[in-house]
Amino acid sequence: MKNLLSLETLSRSDMEYILTSTVAFKQGRHSGHPKPLVGQTWAMIFSKSSTRTRVSFEVGIHELGGKALFLNANDIQLGRGEPIKDTARVLGRMVHGAVIRTYAQNDVEQFAEYSRIPTINALTDDEHPCQILTDIFTFQEKRGPIQGKVVAFIGDGACNVPVSWIFAAAKLGFELRIAAPRAFQPPSALLSRAGGNIHCTEDLESAAAGADLLYTDVWVSMGKEAEAAERIRQMEKYQINGELLRVAKNNALVMHCLPAYRGKEIDETTFEAHAQTIFDQAENRLHVQKAIMGWAVS
Ligand code: CP
Ligand code: NVA
């Protein structure tokens, strides 16, 4: 039994195992692949909105032979203040695995500790491990091994998505450049913890120069709505657009974890020109998360 709580704590070999086993789940979707969740019920506890993560996990659990139990955190006693460790001890006696989307990373960690069932982080304020494993799978599907390649993240460099990229970079050996206003760059303590070849800058063009992948995420993450006006003001120029793409490698990929806000972190023309990649990336959430669940119950 294993947990996926963060990419910081996921070993390189487990990362590679998940990425490799995804191929069989993707290829076998219609012809038949292993069903490691037969007879199992998995709880999905969500405190934040979701389209991709919710649907891909519900469908994925079903296609692995299990049953998904979606629990909006506000509909269970958790939303009225029941401690996460009590919720975990109850669910741990009834269900076989849990997928959690919430605010505090510590809540996912406590849930795993107290429930003693496979627990998967489906996004916290600190990390989004399922997304970045999917992004890497999608990159490798289109361009081969990510090792030695250059990934440029443009936008809010301190939120969950770039932080998971940071921990992946050190483990899989690619260069990561983060272009963000100084106030939205990742803390230096986190960068030292991660190691690897990572550069932070306020200069978009130097980050994007020769990059194999330009990547962005929303400027205003869930939970940060009160800061929206100030974030939009500070991040105004941190946009992926045709001008920035010109300095990247000729065949550079553009990815977005979605949802996308056109005219903010990416412009409409660039988004639509790269929609095939971006929606392949969204679809791959299903295949990668099947591999994650298969790994977690093994
Ligand atoms: N990218 C992502 O996690 O999307 P959702 O918020 O819709 O799940
Ligand atoms: N950083 C974004 C990711 C959304 C999938 C957020 O936390 O809202």
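Here's what I pulled together on the structure shown here. Everything numeric here is computed off the predicted structure, so don't read it as measured data. (Residues numbered from 1 in each chain as written. Chains lettered and ligands numbered in written order. Predicted model: local features only at pLDDT ≥ 70, side-chain atom pairs only at ≥ 80, totals over all residues. Heavy atoms only, no water.)

**Things to note about the pattern of salt bridges**
On inspection of all chains with the given rule, the structure shows 17 salt bridges. In this structure, D212 and K249 form a salt bridge, with 2.8 Å as the shortest nitrogen-oxygen distance. Remark: K249 occurs in the loop between helix 10 (242-245) and strand 9 (253-256) and D212 occurs in the loop between helix 8 (204-208) and strand 8 (213-216); sequence separation between them is 37 residues. Through salt bridges that share partners, R29, E63 and K290 make up one connected network. (Salt bridge = Lys/Arg side-chain N within 4 Å of Asp/Glu carboxyl O. Helix = DSSP H or I, 4+ residues; strand = E, 2+ residues; numbered from the N terminus.)

**Details of the sheet that holds strand 7 (residues 198-201)**
Across the sheet, which stays open at both edges, the five strands sit in the order 7-6-5-8-9 with parallel pairing between neighbours. The two strands at the open ends of the sheet, each matched to only one other strand, are strand 7 and strand 9. Going across the sheet, the axis of each strand differs from the next one's by a mean of 20°, ignoring polarity. In this fold helix 12 (residues 275-296) packs onto strand 8 and strand 9, with an angle of close to 50° to the strand it touches most, strand 9. (Pairing = 2+ DSSP bridges. Axes fitted to C-alpha atoms, helices over the stretch in contact; angles between N-to-C directions. Contact = heavy atoms within 4.5 Å.)

**Remarks on the nonpolar core**
Of all hydrophobic cores here, the largest spans 56 residues; its most connected members are W165 and F174. Top contributing element to this core by residue count: helix 6 (residues 160-172), with eight residues. Among the nonpolar cores identified, the runner-up in size contains 20 residues, and A179, I240, A248 and I266 belong to it. (Core = buried A, V, L, I, M, F, W, Y, C linked by side-chain atoms within 4.5 Å. Buried < 20%, exposed > 50% of the residue type's maximum accessible area, 1.4 Å probe, protein only.)

It is worth stressing that arrangement in space is one thing and function is another; only the former is reported here.
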